[in-house]
Amino acid sequence: MSRHILVLADLRNGKVRNVTFEMLTAAVNIADGGEVSAALIGHDVAKHADLLAHYGANRVFVVDQEPLANYVPDGYANALEAVIKEANPDVVFLAHSAIGRDVAPKLAARFDAGQVSDIIKIETNGDQLVFTRPIYAGKAFTKVAIKDGLKFVTVRPNNLSKTEPDSSRTANVVSLNVQIPADSLRTLVKEVVRKSTQGVDLSEAKIIVSGGRGVKSAEGFQVLQELANVLGAAVGASRGACDAGYCDYAMQIGQTGKVVTPDLYIACGISGAIQHLAGMSNSKVIVAINKDPEAPIFKVADYGIVGDLFQVVPLLTEELKKV
Ligand code: FAD
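Fair warning: this is a prediction, and the values are worked out from it, not measured in the lab.

**Considerations on the site of the ligand**
In the vicinity of the ligand lie 26 residues, with Arg-213, Ser-238, Thr-256, Ser-271 and Asn-290 positioned nearest. The contact in question runs from a nitrogen atom of the ligand to an N or O atom on the backbone of Ile-253, over 2.9 Å. With respect to the ligand, the side chain of Ser-271 contributes an N or O atom lying 2.7 Å from an oxygen atom. Those elements that provide at least two residues to the shell around the ligand are helix H6 (239-243), helix H7 (274-280) and helix H9 (309-322). The residue inventory of the shell around the ligand, partitioned by class, reads five nonpolar, 15 polar and six charged.

What follows is the structure in structure tokens.
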């Protein structure tokens, strides 16, 4: 059955995030000869339309307005509502990011539509789309299908595969003149203070070196940063480490932090509490370094090193520098 899938491009710091290409690739696979379109919402965003075309969008709807330069909930919701009314899709894909998580349920309510959140796999069963999503903090998986009507789906980054871009592909760009006067917005962003994880976006990183309370200090995290630099990795943390003031909460991974699915997750001095596992247990390969052989993190680890992280991590860094 052919379908029309609309993908909301996920933008961060003026760049299109990888999850957008993963969503477009999935959209092409399940459209079954139908349409794949994309929405670009923000300010000075039309320049990204070609890139979305290279990953399979046939039409790109652009809402480019100054008040949308930063994410504002009602502004984005109004803009996406206008795009959906114009495009008339069967399914809307959004990233399971801060923006997608916020805007998807608003729109699902406005359109009286179904929503599935945080999906990691899509299958077809006859005419139905079946989505797999983790439940119980990642301990189990459930398959969900929405029977009929418009569907809103948020997609966990780093789970669906993405195709190679084809630069010969072009899209029909449709600019929508949605009226979003700045004074109609209930929320106004006055200033954006960016917290960085030293260059690599944690939720899209292929390799993460993560530290817990066992790292013992902010200076201790420098040891992890050196390993991360050699691997081209991002540095993450447990809530234990954040609560202790060793690092910023922007780095927290887990149930109340970021959910990550890197190819390689190196957990250093992290015990493996269920709330931490909720954010990283779907990583493809997990390496745990902990001096306690009974630490629960070893139950989910593919490779475990029982030892003092301040001895093990510098040794790993030195060896990897030689590769
Ligand atoms: P600890 O449990 O103290 O573990 C430290 C580990 O370091 C130990 O296993 C120890 O053996 C090891 N260690 C010590 N020294 C060394 C050394 N030199 N070398 C090697 N190993 C060493 N936690 C999260 O991480 N993310 C969340 O999103 C999150 N959300 C939560 C939400 C709720 C509602 C609640 C109640 C809790 C949440 N937590 C979360 C907290 C969680 O329960 C744990 O308290 C936390 O994950 C523990 O952090 P930790 O593993 O760094 O510290």
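**A few points about the pairing of strand E13 (residues 207-211)**
Taking burial as the measure, the five residues of E13 include five buried ones, the bulk of the element. Side chains of E13 alternate between two faces, with Ile-207, Val-209 and Gly-211 and Ile-208 and Ser-210 buried alike. Two elements, E13 and strand E15 (residues 264-268), share five bridges in a ladder whose sense is parallel. Among the inter-strand pairings, Val-209 is bridged to a residue of E15, identified as Ile-266. The pairing of E13 with strand E14 (residues 234-237) spans four bridges and is parallel. Along E14, the bridge assignment pairs Ile-208 with Ala-234. Since E13 and E14 lie parallel, the crossover through helix H5 (residues 218-231) that links them has a hand, and here it is right-handed.

**Describing the nonpolar core**
If you look at soluble globular proteins, the nonpolar side chains tend to sit buried side by side. The biggest cluster of nonpolar side chains holds 34 residues, and the ones touching the most others in it are Leu-24, Leu-40, Leu-52, Val-60, Phe-93, Ile-122 and Phe-131. Here the element with the most residues in this core is helix H1 (residues 18-31); it accounts for eight residues. Residues contacting Leu-52, with those up to four places away along its chain left out, are Ala-9, Val-16, Thr-20, Leu-24, Ala-38, Leu-40, Ala-57 and Val-60.

**Overview of the sheet that holds strand E17 (residues 303-306)**
One open sheet holds the five strands; their spatial order is E14-E13-E15-E16-E17, and the pairing between them is parallel. Only two strands of the sheet have a single neighbouring strand rather than two, namely E14 and E17. Adjacent strand axes in the sheet meet at a mean angle of 20° when their direction is disregarded. Of the pairings in the sheet, the one linking strand E16 (residues 285-290) to E17 comprises four bridges and is parallel in character. Paired with Asn-290 across the two strands is Val-306, which belongs to E17. Relative to the sheet, H5 contacts E13, E14 and E15, its axis offset from that of E13 by approximately 175°.

**As for helix H3 (residues 73-87)**
With 15 residues, H3 should cover 21 Å at 1.5 Å per step; its first-to-last C-alpha distance of 21 Å lies within 8% of that length. Taken together, the buried positions of H3 are Asp-74, Gly-75, Tyr-76, Ala-77, Ala-79, Leu-80, Glu-81, Val-83, Ile-84 and Ala-87. Buried-residue contacts for H3 involve strand E1 (5-8), strand E4 (36-42), strand E5 (59-64), strand E6 (91-95), helix H4 (98-110) and strand E11 (151-155).

**With respect to H5**
When the terminal C-alpha atoms of H5 are compared, their 20 Å separation across 14 residues agrees well with the 20 Å that a helix rising 1.5 Å per residue should span. Among the residues of H5, those classed as buried are Gly-220, Phe-221, Val-223, Leu-224, Gln-225, Leu-227 and Ala-228. Lining the buried residues of H5 we find E13, E14, H6, E15 and H9.

What counts as what
Residues numbered from 1 in each chain as written. Predicted model: local features only at pLDDT ≥ 70, side-chain atom pairs only at ≥ 80, totals over all residues. Heavy atoms only, no water. Near = heavy atom within 4 Å. Polar contact = N/O pair within 3.5 Å; in protein donor to acceptor, adjacent residues only side chain to side chain. Helix = DSSP H or I, 4+ residues; strand = E, 2+ residues; numbered from the N terminus. Nonpolar A, V, L, I, M, F, W, Y, C, P; charged D, E, K, R; others polar. Buried < 20%, exposed > 50% of the residue type's maximum accessible area, 1.4 Å probe, protein only. Pairing = 2+ DSSP bridges. Right-handed = clockwise from strand over helix to strand, strands pointing away. Core = buried A, V, L, I, M, F, W, Y, C linked by side-chain atoms within 4.5 Å. Contact = heavy atoms within 4.5 Å. Axes fitted to C-alpha atoms, helices over the stretch in contact; angles between N-to-C directions. Expected span 1.5 Å × (residues − 1).

Without other data, these values stay purely geometric and don't point to any function.
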